[in-house]
Amino acid sequence: LRLLKLVRNIRLFDSLYLMTTAIQGSIIMLLWSVAVLGLVQMMLAFILQHSTESYILNEQNLEEKRMEVFKYYGTFVRSILTMFEITLGNWMVPA
């Protein structure tokens, strides 16, 4: 009777074993995906920061608009954060 219950429990854990091995097998692919996504976001953030620099430094543009653009794209770190929010979070709408 105990052996029959043990066999029944092993069948229940078989699907759990299958799920855990599938997750273990996909961790490397997940890490590569995160690395590539991060690299693409960094490159785009650098391009955005570099392309908005002339607008920010041009004193003929309104101070309020320049500050708003600087708030999202003024530095490399701000550009990366904006790219992260646009891509994954959609937390705010950048100007």
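Look a little higher up for the structure.
Given the structure is predicted, the values throughout are model-derived calculations rather than measurements. (Residues numbered from 1 in each chain as written. Predicted model: local features only at pLDDT ≥ 70, side-chain atom pairs only at ≥ 80, totals over all residues. Heavy atoms only, no water.)

Q: Mind showing me how you'd approach the overall build of the chain here?
A: Within the chain, the secondary structure is distributed over three helices and zero strands. Beginning at the N terminus, the succession of helices and strands in the chain can be written as α-α-α. Looking at the chain residue by residue over its 95 residues, the buried ones come to 17%. Residue pairs at least 24 apart in sequence account for 41% of intrachain contacts in the chain once pairs closer than 6 positions are excluded. In the structure as shown, the chain presents an accessible area of about 8100 Å², 70% of it carried by carbon and sulfur atoms. (Helix = DSSP H or I, 4+ residues; strand = E, 2+ residues; numbered from the N terminus. Buried < 20%, exposed > 50% of the residue type's maximum accessible area, 1.4 Å probe, protein only. Contact = heavy atoms within 4.5 Å. Areas by Shrake-Rupley, 256 points an atom, 1.4 Å probe, with all protein chains shown as cover.)

Q: Would you take a moment to explain the packing of helix α2 (residues 63–73) against helix α3 (residues 76–89) for this structure?
A: At a minimum axis distance of 6 Å, the contact between α2 and α3 shows a crossing angle of 75°. On the basis of the axis angle, α2 is roughly perpendicular to α3. Contacts between α2 and α3 involve Phe70, Lys71, Tyr72 and Tyr73 on the former and, on the latter, Arg78, Ser79, Thr82 and Ile86. Residues belonging to the contact of α2 with α3 are distributed by class as follows: four nonpolar, two polar and two charged. (Axes fitted to C-alpha atoms, helices over the stretch in contact; angles between N-to-C directions. Parallel < 35°, antiparallel > 145°, perpendicular 65-115°, else oblique. Nonpolar A, V, L, I, M, F, W, Y, C, P; charged D, E, K, R; others polar.)

Q: Looking at this model, I keep getting lost on the environment of Thr82. Mind explaining?
A: Among the structural elements, Thr82 can be located in helix α3. Residue classification places Thr82 among the buried residues on the basis of a relative accessible area of 2%. Each C-alpha atom of the pair Thr82 and Gln41 lies 9.6 Å from the other, and the pair is 41 residues apart in sequence.

Q: What is the right way to read the pattern of salt bridges from this model?
A: Side chains that differ in sign of charge can pair as their charged atoms come close. Under the criterion given, the structure shown has one salt bridge. For the salt bridge of Glu63 with Arg66, the shortest nitrogen-to-oxygen distance reads 3.5 Å. Of this pair, Glu63 and Arg66 both sit in helix α2, three residues apart, roughly one helical turn. (Salt bridge = Lys/Arg side-chain N within 4 Å of Asp/Glu carboxyl O.)

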